[in-house]
Amino acid sequence: MSNDHGAFVDPQRILGALTAPARDEPESGIIQVFNYGRDREGIIPMWVGQGDLPTPKFIYDAAVASLAAGETFYTYQRGLPELRQALAHYHAGLYGRPFDAENFFVTGSGMQAMQTVIQAVAGEGDEMLVPSPAWTNYPAPMRLAGVKPVEVPLDFANGRWSLDLDKLFGAVTSKTRAICANTPSNPLGWVMSADEILAIRDFCRERGLWIVADEVYARFYYGPGAETGALPPSFHDVCDPEEQFLMVNTFSKNWAMTGWRVGWVQAPRAMGQVIENLIQYNTSGTAAFMQRACITAMEEGEDFLRQQVAQSRAGRDIVCSALRQVPGVRFQEPEGAFYLFFSVDGVEDSFAFARRMIDDIAVGMAPGPAFGPGGEGFMRLCFARSAASLEEAMDRVVGWLKKR
Ligand SMILES: Cc1ncc(COP(=O)(O)O)c(C=O)c1O
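Numbers given for residues are sequential positions, taken from 1 along each chain in its written order. The predicted origin of the model limits local features to residues at a pLDDT of at least 70 and limits the giving and counting of side-chain atom pairs to 80 or more, whereas totals for whole chains, interfaces and linings rest on all residues.

### Here's the deal with the nonpolar core
Part 1 of the reasoning: In this usage, the nonpolar core is the set of buried Ala, Val, Leu, Ile, Met, Phe, Trp, Tyr and Cys residues whose C-beta atoms join them within 7 Å. Every C-beta atom is placed from the backbone, and the number of other C-beta atoms within 10 Å of a residue's own sets its class: buried at 20 or more, exposed at 12 or fewer, partly exposed in between. Core analysis: the biggest nonpolar cluster contains 112 residues, and Val117, Ile211 and Val265 have the highest contact counts within it.
Part 2 of the reasoning: At eight residues, the largest contribution of residues to this core is made by helix 12 (residues 288-300).
Part 3 of the reasoning: By convention here, the domain bounds are inherited from an automatic or database domain assignment. Of the residues that make up this core, three or more belong to each of domain 1 (11-54 + 304-403) and domain 2 (58-300).
Part 4 of the reasoning: Each residue is represented by a C-beta atom placed from its backbone, and any two residues with such atoms within 7 Å are regarded as in contact. Dropping the residues within four chain positions of it, Val117 is found in contact with Val212, Leu246, Val248 and Val265. Only runs of H or I of at least four residues qualify as helices and only runs of E of at least two qualify as strands under DSSP, and these elements are numbered from the N terminus.

What follows is the structure, encoded as structure tokens:
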């Protein structure tokens, strides 16, 4: 609607005056379904990637105390020195070797960590390789930066996902700047083997490519030895922090802090000023009071994190054993993260299927094609929820699927 200032411009012309990447980037497929169903009575939300617990009090108390102490001013672009130190300490504890605080940079979420990394290593006309199906928020920020995401499909055969390294390396062109590697994978729950990680590292070293690793689900691991603390194979195991290696991570998942929007990048020290500038010219830093809560999460949050992982492991068992009863449903049991990615025979339009599921049984899942073209016919559910909620959801879903 126009006001009386006489300068009304037709909405189509407004859109026409935008840059093509901003105008043409489609809505996230996950958010599309989320918006369709978020207000439904009795909905069980398994569409987005988060648990059902709010941030624990001992973590947010640290933010409250910081606010009360007047920490409300502009702060360090690279992150509070104490948080960068806590990050180094946390990684040293996990990976059993020293890490340097100078390699860590605090960002406004894992999403922004990814955006920062993209801006640092690739630009107009460049390409980045993304094994797919992949988290929806890789290709979009690449396109917005003028970078072409080249999705390399994983294969799904006999109920298992596999990455064909020849296909991955064969997709490299003279424009390729980086290989992105998300392990454990969202949405697949698939975990890259140590050999695959090493092969990617060697290939990238030889070709002068960046490794952009995303291990935000590293703590949510159910593979061999996990119950006694083993971690999944990691790029941290084989990469030198001072090589062309960037790691994206977040506080969101481990400590039930998705709404806080704090993450981090690990990057070579030589990039310190560059990352500082990218942060300065994007957000100008992450609120100090939130960073105080992140320090507490890392220093005191291990028990809480372990409970979350135990709940996810139990959740995985509940959803897998329920869906195994349904003929025509196929999936690989997740070894990590907290998603089950399953196909349903006969489903040709996962978006329509997701909407029907909301309408019929009030269960919210993300449609597979939101994670790339190879996802059609698949659905992703998040099992980081209480057993009672998952059992209720699976009762509804299994009965509904069997009646189809
Ligand atoms: C693989 C992966 N990387 C990064 C993120 C970023 O998380 P956030 O932006 O909440 O920090 C997510 C969130 O779902 C994710 O699934």
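Structure's up, so let's keep going.
### A few points about the pairing of strand 8 (residues 210-214)
Part 1 of the reasoning: Of all five residues that make up strand 8, five are buried, and the element is covered over most of its length.
Part 2 of the reasoning: Pairing between strands is defined by DSSP: at least two bridges between them are needed. Judged from the five bridges that link them, strand 7 (residues 176-182) and strand 8 form a sheet pairing that is parallel. The partner of Cys180 across the bridge, within strand 8, is Val212.
Part 3 of the reasoning: A crossover counts as right-handed when, viewed with the strands pointing away from the observer, the path leading from the first strand over the helix to the second turns clockwise. In the classification by handedness, the crossover that spans strand 7, the intervening helix 9 (residues 194-207) and the parallel strand 8 is right-handed.
Part 4 of the reasoning: Where strand 8 and strand 9 (residues 245-250) come together, four bridges link them in parallel fashion. When the bridges of strand 9 are listed, Val212 appears paired with Leu246.

### As for the site of the ligand
Part 1 of the reasoning: In this analysis a residue is considered near a molecule or strand if the C-beta atom, reconstructed from its backbone, is found within 6 Å of that molecule or strand. As a structural note, the neighbourhood of the ligand is formed by 13 residues, with Ser109, Gly110, Met111, Thr250 and Ser252 the closest of them.
Part 2 of the reasoning: Among the residues forming the shell around the ligand, the class breakdown is three nonpolar, nine polar and one charged. Throughout, the ten residues Ala, Val, Leu, Ile, Met, Phe, Trp, Tyr, Cys and Pro are labelled nonpolar, Asp, Glu, Lys and Arg are labelled charged, and all others, Gly among them, are labelled polar.

### Some words on the sheet that holds strand 12 (residues 339-344)
Part 1 of the reasoning: Read from one edge of the open sheet, four strands run 11-12-15-14, paired in antiparallel fashion. Each end of this open sheet is capped by a strand with a single partner; those strands are strand 11 (329-331) and strand 14 (366-367).
Part 2 of the reasoning: Here two bridges tie strand 14 to strand 15 (residues 378-382), and the two strands are oriented antiparallel to one another. Following the sheet pairing, Pro367 is matched in strand 15 by Met379.

### A look at the packing of helix 6 (residues 110-121) against helix 11 (residues 272-282)
Part 1 of the reasoning: Angles here are taken between N-to-C directions and fall from 0 to 180 degrees, while the axes themselves are lines fitted to C-alpha atoms, restricted in helices to the stretch in contact. Orientation of helix 6 relative to helix 11, taken along the N-to-C sense of each, is 120 degrees, at an axis distance of 10 Å. Here helix 11 runs oblique to helix 6, going by the angle between their axes. Here helix 6 and helix 11 pass one another in a crossing that is right-handed. Where helix 6 abuts helix 11, its residues Gln112, Thr116, Gln119 and Ala120 lie against Val274, Ile275, Leu278, Ile279 and Asn282. Working rule for angles: under 35 degrees goes down as roughly parallel, over 145 as roughly antiparallel, 65 to 115 as roughly perpendicular, anything else as oblique. Note on convention: the crossing is left-handed when the near helix lies turned anticlockwise from the far helix by less than a right angle, right-handed when the turn is clockwise.

### Quick notes on unusual backbone geometry
Part 1 of the reasoning: The omega torsion across Ser132 and Pro133 is 5 degrees, close enough to zero to call that bond cis.
Part 2 of the reasoning: If you trace the backbone, Pro133 turns up in the loop between strand 3 (127-132) and helix 7 (139-144).
Part 3 of the reasoning: Looking along the chain, the bond that leaves Thr183 and enters Pro184 is cis, with omega of -10 degrees.
Part 4 of the reasoning: Note on placement: Pro184 falls in the loop between strand 7 and helix 9.
Part 5 of the reasoning: For Ala337, which is not glycine, the phi dihedral falls at a positive 60 degrees.
Part 6 of the reasoning: For Ala337, the location among the structural elements is in the loop between strand 11 and strand 12.
Part 7 of the reasoning: Take Ala337: there are 33 C-beta atoms within 10 Å of it, and that puts it in the buried class.
Part 8 of the reasoning: Residues other than glycine seldom take positive phi values, yet Ala362 does so here, at roughly 55 degrees.
Part 9 of the reasoning: Along the chain, Ala362 falls in the loop between helix 14 (350-361) and strand 13 (363-364).

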